[in-house]
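So you can see what is in the structure, the chains are spelled out below.
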Amino acid sequence: MIEPRMDLGPHLDGNVLAGPLREIFAMDVTAATSRCASCGAVGAVAALHVYANAPGMVARCPTCEEVVLRMVRTPDAAWLDMRGTVSLRIPM
Amino acid sequence: MARAAVPGRLTWRVAKLAEARTETPTARTLVLDVPGWPGHLAGQHVDVRLTAEDGYTAQRSYSIAAPADGDRIELTIQAVPEGEVSPYLIDVYGTGDPVEVRGPVGGWFVWRPTSMDPVLLVAGGSGIVPLMAMIRARRAAGSRIPFRLIYSVRTPGDVYYADELRRRARDDAGLDVTYAYTREVPEGWPNPPHRIGVADVNTNGWPPALTPDCYVCGPTGFVEAVADILVALGHDPRRVRTERFGPTGG
Amino acid sequence: MGIVTPGFRGRPRSSGPDLPPGQYLTHDFPVLSAGPTPRVPMDRWEFVITTETSRAHRWTWADMMALPSETPTVDIHCVTKWSKLGTTWQGVSLDTLMSDVDTAADYALVQSYGGYTTNLPLTDLLDGQAWLAYKFDGEDLHPEHGGPARMLIPHLYFWKSAKWVRGIQLRFDNEPGFWETAGYHDYGDPWREQRYQGD
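Rules used in this analysis
- All residue numbers here refer to positions counted from 1 along the written sequence of the relevant chain.
- Naming scheme: in the order in which they are written, chains are lettered from A and ligands are numbered from 1.
- The model is predicted, so local features are restricted to residues of pLDDT at least 70 and side-chain atom pairs to those at 80 or more, both for listing and for counting; the totals for chains, interfaces and linings are taken over all residues.
- Reported domain spans reflect what an automatic or database domain assignment gives.
- Contacts are defined on C-beta atoms placed from the backbone: any two residues whose C-beta positions lie within 7 Å are in contact.
- Under the grouping applied here, Gly and all other residues not named as nonpolar or charged are polar, the nonpolar ones being Ala, Val, Leu, Ile, Met, Phe, Trp, Tyr, Cys and Pro and the charged ones Asp, Glu, Lys and Arg.
- Criterion used throughout: strands pair if DSSP finds at least two bridges between them.
- Numbering of helices and strands starts at the N terminus; helices are DSSP runs of H or I of at least 4 residues and strands are runs of E of at least 2.

## Structural notes on the domain arrangement of chain B
All names here are of chain B. For chain B, the domain assignment lists domain 1 (13-105) and domain 2 (119-245). With centres defined by C-alpha atoms, the gap from domain 1 to domain 2 works out at 24 Å. In this assembly, twelve residues from domain 1 lie in contact with 13 residues from domain 2. Residues belonging to the side of domain 1 that touches domain 2 are distributed by class as follows: six nonpolar, five polar and one charged.

## Focus on the interface of chain C and chain B
Taken together, the contact pairs twelve residues of chain C with 18 residues of chain B. Of the residues assigned to the side of chain C that touches chain B, the class counts are five nonpolar, four polar and three charged.

## Observations concerning the sheet that holds strand E8 (residues 77-81) of chain A
The sheet built from five strands is open, its strands ordered E2-E5-E6-E7-E8 (chain A) with antiparallel pairing. Only two strands of the sheet have a single partner each, and these edge strands are strand E2 (12-13) and E8 of chain A.

## Considerations on the interface of chain A and chain C
The partner chain C presents 22 residues to the 21 residues of chain A that form the contact. Among the elements of the structure, strand E1 (5-7), strand E6 (57-60), strand E7 (67-74) and E8 of chain A are those that each provide at least two residues to the side of chain A that touches chain C. In terms of residue class, the side of chain A that touches chain C is made up of eleven nonpolar, four polar and six charged.

## So, unusual backbone geometry
Residue and element names in this part refer to chain B. Here the amide bond leading from Gly103 into Pro104 is cis, since omega sits at 0°, within 30 degrees of zero. Even without a glycine there, the phi angle at Tyr161 is positive, about 55°. Of note, Tyr161 is situated in the loop between strand E8 (147-153) and helix H3 (162-171). The phi dihedral of Thr211 is positive, around 45°, even though this residue is not glycine. Position of Thr211 among the secondary structure elements: in the loop between helix H4 (198-204) and strand E10 (213-219).

Encoded structure:
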């Protein structure tokens, strides 16, 4: 398989996840530091590249553009996929 | 100064329009009464939810424009052509009408008055809103931390908070404000209209050696360009905090 | 239902025999993206159907252009609630691509450049229901709409019509794709409003 060149789309920042995540978590996760499971880059969740013009929110690593976190809000549930993050350091 | 949100998951609160101000022909500031508002930090935002009579809902995020004043918060809304929410909030939404708000949210793109480093604010268009909250919070806290604002607008008529910014640049010691015009300049302005570039940021920002906290807010392309310039000038990327606005469907 | 905001109507909500439940009509073509837009050079583009026995059937761009094409005019329905009626495409029917593929598989996992995936029953790719589309409205398919080539499976919600498609894996099991692992429906029939898992 070839690796295509990627053009960054009109993404937002991880800041935009703050509201949706505060519906689930008791603290602000966007101020947490995450480590990308794909490339190991470390940075604030608020600095992830978020693609929001989609059926859900897709947050990607600003270094390698792999998916770090996904969130879908259905009428009766929130689906959260965090397989792209090795760990979250949450300031307490 | 307010504290961050209380622990616990966030729920929607009912807010009512207390008063409104016209900022430009396409922007309006809404002052909302939100009973039980927990306070917020400068730079935080709220989610706003509107429900139509048939149950249809639309939700948008807006930056808070000012420090909390008891149960009152201020949002400034920019009209998005063909948008479904912003034209309503600017042209129709009236005093006493309810909306739902959820917030404050966001703990990253915030400025705390306890911070000791100089601050560079770079705004593109409506990206001024959370940065104005920081300027106002600085004043409210009596902070002497040096602030510089570079505000990029299309024309002089597009400047939000124009009178207040003029006054603060004169009266708030340690606050410098410069403008960059992309389409039309004021009479007698020394430079032709242009997109913000390295020279603007280098001349009107801070040297990287002062380790300023940089906050950049505006449309995606603007934020991308300014963040690249700051990093190229030698600023630590971890000190460059960005908030891209839209496309949100207006 | 939340508190009603007086005078707020939101975007026009239309209904009619052509619109599945909960959809509204749009005349532009919204661009949805879950990530960066991959740019695939035509001379390296390929489309691969892999069977359950790992047999691979490959087409280069030139191979695909040499196949007979069709120009379906169809209605498309996005799970984010917009529908666009009477869109015209050009592409190769999956019946044509599958004609020499020997398989006993029940399901297909569609795969895209950039990593996107989506799943559906194999029968939904056949019998004139699906195309590998490379033109929209007579023009080469723009990258933001999935060019050089995307799936077109208009009887299912549009997330099944994967953009930047590079291949299809034929499988015995129904392996869920990108959105199907995050709450969206495995099948996605707009007329039965199968948006989310459990609908």
